[in-house]
Amino acid sequence: MGTRAPSPLGCPEAPIPPDRVVDLEATVAVQAAIIAELRAVNAAQARAIATLEARVAELERRLGKDSSNSSKPPSSDGLRKPTRTQRHAGERAEGGRQPGKQPGASGAHLAQVPQPDEVIGHVPDRCQGCGAELADARVTGVEARQVFDLPPLRLAVAEHRAQRRRCACGTTTQAVFPAEARAAACYGPGVRALCCYLLVHQHLPVDRAAQLLADVLGTPVSTGTLAAVLAEGAAGLAGFVQVVGERLAAAEVAHFDETGARVAGRLHWVHSASTSLLSLFTVHAKRGKVAMDAAGVLPGFHGVAVHDGWSPYWRYQVTHALCGAHLLRELDAVTDEPGQGWAAGMAELLADAKTQADRAREAGAERVDDGLHERLMARYQRLLADGHAANPPPRPRRRRRGRVRRSPAANLLGRLDRHQVEVLRFVDDLRVPFDNNQAERDLRMVKLQQKISGCWRTLDGAQAFLTVRGYVATARKHGMNPLAVLRQLFQGNPWLPAPAEA
């Protein structure tokens, strides 16, 4: 054997035994396997971390939702809801609406009437100076003060006596009772109107309404009587429902919305169709097209339907307009996400477009200026391009069926792209409002009823309430007194809006 070369340190290298070489190779192989296993574990942990981060971000997004950036009602904000002062601080700083009565607004106060029902004189008996009697003193002036008060309330009982008379031919004929005298003892149309007024317009729970009537009228009223009176009122409104439904179907612009409600222990849906002068409510176990068809307005509607974008509305061959307020809330939620600056720009565009539409409407125009319209559309397209750049389409997944899940920002962007005309309908047609607040205002009182009473026990009871609610709401929109029109209803002559007014 030859001599080994010296090592770099000047010492000859010792030979490695063959068994040692085998041990080193085995060690390297084991360590390589461990490294591969650790890499696999790290990759799995990275995927788990990414999944958890996405889940945390989604939960934070949900927790961050409130009435200002989603369709959640203001009542759901709870104690986090900002005070009125905080909400309007920006407006006041810019010289906007101040608290209290606004300049030019008509005030309301209690004023004296020229013909009081009763005049009560008050005469001083002695002089405050010398104490002399003033019975024969000259009257130098009179100051009048009027006190508006209720007389003691009590039920007035009218007894109807129908005579029976026998003719010479031997036939006995009895006089006919009026329609309000339906039994030996019954409540008249005034009391029945007051029952419906408390339940449907003031939204008192049935038990509290019975207590109020007992305290005010001095006679007990059962909860069963109240339920029967409400059902009776709804039964007398078949003609009203038909007329209002036909006029809503013939309207140029109508508002549609729906909200959940508990009926007989299960989730149902209250559907509304309304204009500034008409209101119609129905309840159904379904939320989609089946329920909308049952309501009877959209199947025959040919005008502009303003709604929030719920997918079943698109199945009707009508002219659609999307609610701008819903879009602004969704854009506000997306704006907080990183890389979604286009959303703030789109919100600003919608606000500017609304301002221009309001000005054109006040000027009596039918649509905004063509040049302004082109600038708005060009700006809209630029913002859509920015949004698509920030939200590229997801990569197709292999061997997995169904649509790829996209972020809320991408879904909103897709809706704004697909329905550009419907989003800006209020600019093209000034008859169309910017938002769907008309429908939301009409449904707000239905939500208030649920908040107070919780639910309806039967489907018939829910529909009876909603039918009378639509009657009262429509009358209020026409400036009618709810008690007066309810009294007409129980007198057998329900009020109907005039065709020209509707």
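Before reading on, note that the structure itself is shown above.
A few words on the overall build of the protein. Helices and strands together make up the secondary structure of the protein, namely 17 helices and seven strands. In the protein, which comprises 502 residues, the share counted as buried stands at 32%. Sequence separation of 24 or more characterises 60% of the internal contacts of the protein that already satisfy a separation of 6 or more. Of the accessible surface of the protein, which amounts to about 32700 Å², a share of 54% is contributed by carbon and sulfur atoms.

Here we take up the state of the cysteines. Per the counting criterion, the structure on display carries zero disulfides. With no disulfide of its own, Cys167 lies closest to Cys169 among cysteine sulfurs, the gap being 3.6 Å. Given the relative accessible area of 44%, Cys167 is considered partly exposed.

Compared with an ideal rise of 1.5 Å per residue, which puts 17 residues at 24 Å, helix H15 (residues 437-453) spans 24 Å between its outermost C-alpha atoms and is within 8% of the ideal. The largest bend in H15 amounts to roughly 25° and is located at Leu443. All buried positions along H15 are accounted for by Gln438, Ala439, Glu440, Asp442, Leu443, Val446, Gln449 and Gln450. One or two steps after H15, the chain reaches Gly454, where phi turns positive at roughly 90°.

Let's shift gears to the sheet that holds strand E6 (residues 304-307). The sheet built from five strands is open, its strands ordered E5-E4-E3-E6-E7 with mixed pairing. The sheet is open, and its two edges are formed by strand E5 (279-284) and strand E7 (319-322), each paired on a single side. Averaged over neighbouring strand pairs, the angle between their axes works out to 25° when direction is ignored. The sheet contact formed by E6 and E7 spans four bridges and is parallel. Across the sheet, His307 pairs through a bridge with Leu322, a residue of E7. Where helix H7 (residues 238-249) meets the sheet, its contacts fall on strand E4 (266-274) and E5, and the angle it forms with E5 comes to roughly 105°.

Position of Thr335 among the secondary structure elements: in helix H9 (residues 324-335). A residue is classified by how much of its surface remains accessible, and Thr335, at 31% relative accessible area, is partly exposed. Considering only alpha carbons, one finds Thr335 and Gly345, ten residues apart in sequence, at a separation of 9.2 Å. In this structure Thr335 touches Gln340, Ala343 and Ala344, once residues within four positions along its chain are discounted.

Together, Val30, Ile34 and Leu38 give the surface a local cluster of nonpolar side chains, amounting to about 270 Å² of exposed area. Structurally, Val30 is set in helix H1 (residues 18-63). Under the relative-accessibility criterion, Val30 is labelled partly exposed at 48%.

Below, the discussion takes up the packing of aromatic side chains. Throughout the structure, instances matching the rule amount to five aromatic pairs. Following the ring pairs from residue to residue traces out a cluster consisting of Phe240, Tyr471 and Trp495. The positively charged end of Arg287 is found above the aromatic ring belonging to Trp310, 3.8 Å away from the centroid.

Turning our eyes to something else, we now look at the pattern of salt bridges. Applying the stated criterion across every chain, the model contains 17 salt bridges. The closest approach of N and O atoms between Arg161 and Glu159, which form a salt bridge, is 2.4 Å. The pair Arg161 / Glu159 is uniform in exposure class, with both members exposed. Of the charged contacts, one joins Glu232 and Arg182 as a salt bridge, the two residues approaching to 3.2 Å between their closest N and O atoms. Residue Glu232 is located in helix H6 (residues 223-235), and its partner Arg182 is located in the loop between strand E2 (172-174) and helix H4 (189-201); the two are separated by 50 residues in the primary sequence. Here Glu232 falls in the partly exposed class, since its relative accessible area comes to 28%.

Moving on, we get to the pairing of strand E3 (residues 253-263). Residues in a regular strand project their side chains so that they alternate between the two faces of the sheet. The element E3 is extensively covered by neighbouring structure, given that ten of its eleven residues are classed as buried. In the sheet, E3 pairs with E6 via three bridges, with the strands oriented parallel. Note on E6: the bridge partner recorded for His255 is Val306. Both E3 and E4 contribute to a ladder of nine bridges, which runs antiparallel. Considered in E4, the bridge of His255 is made with Ser274. Turn length for the E3-E4 hairpin, with the two strands adjacent in sequence and antiparallel, is two residues, and the turn residue Ala264 shows positive phi of about 55°.

The next subject is the nonpolar core. Residues Phe256, Trp456, Tyr471 and Leu486 are the most contacted members of the largest nonpolar core, which totals 57 residues. Setting aside its immediate chain neighbours within four residues, Phe256 contacts Ser272, Ala273, Val297, Leu298, Phe301, Ala305, Val306, His307, Tyr313, Asn436 and Ala439. With 29 residues, the next largest nonpolar core counts Val334, Met346, Ala357 and Val423 among its residues.

Turning to helix H12 (residues 408-418), a few remarks are in order. Those residues of H12 that fall on the buried side of the exposure criterion are Ala409, Ala410, Leu412, Leu413, Gly414 and Leu416. Contacts made by the buried residues of H12 are with H9, helix H10 (341-362), helix H11 (370-390) and helix H13 (420-423).

Cut-offs and rules
- Residues numbered from 1 in each chain as written.
- Predicted model: local features only at pLDDT ≥ 70, side-chain atom pairs only at ≥ 80, totals over all residues.
- Heavy atoms only, no water.
- Helix = DSSP H or I, 4+ residues; strand = E, 2+ residues; numbered from the N terminus.
- Buried < 20%, exposed > 50% of the residue type's maximum accessible area, 1.4 Å probe, protein only.
- Contact = heavy atoms within 4.5 Å.
- Areas by Shrake-Rupley, 256 points an atom, 1.4 Å probe, with all protein chains shown as cover.
- Disulfide = S-S within 2.5 Å.
- Expected span 1.5 Å × (residues − 1).
- Bend = angle between axes of the 7 residues up to and from the residue.
- Pairing = 2+ DSSP bridges.
- Axes fitted to C-alpha atoms, helices over the stretch in contact; angles between N-to-C directions.
- Patch = residues over 30% accessible without salt bridge, like charges linked within 9 Å, V, L, I, M, F, W, Y side chains within 5 Å.
- Salt bridge = Lys/Arg side-chain N within 4 Å of Asp/Glu carboxyl O.
- Phe/Tyr/Trp six-rings, centres within 6.5 Å; stacked < 30°, edge-to-face > 60°.
- Lys NZ or Arg CZ within 6 Å of the ring centre and 35° of its normal.
- Core = buried A, V, L, I, M, F, W, Y, C linked by side-chain atoms within 4.5 Å.

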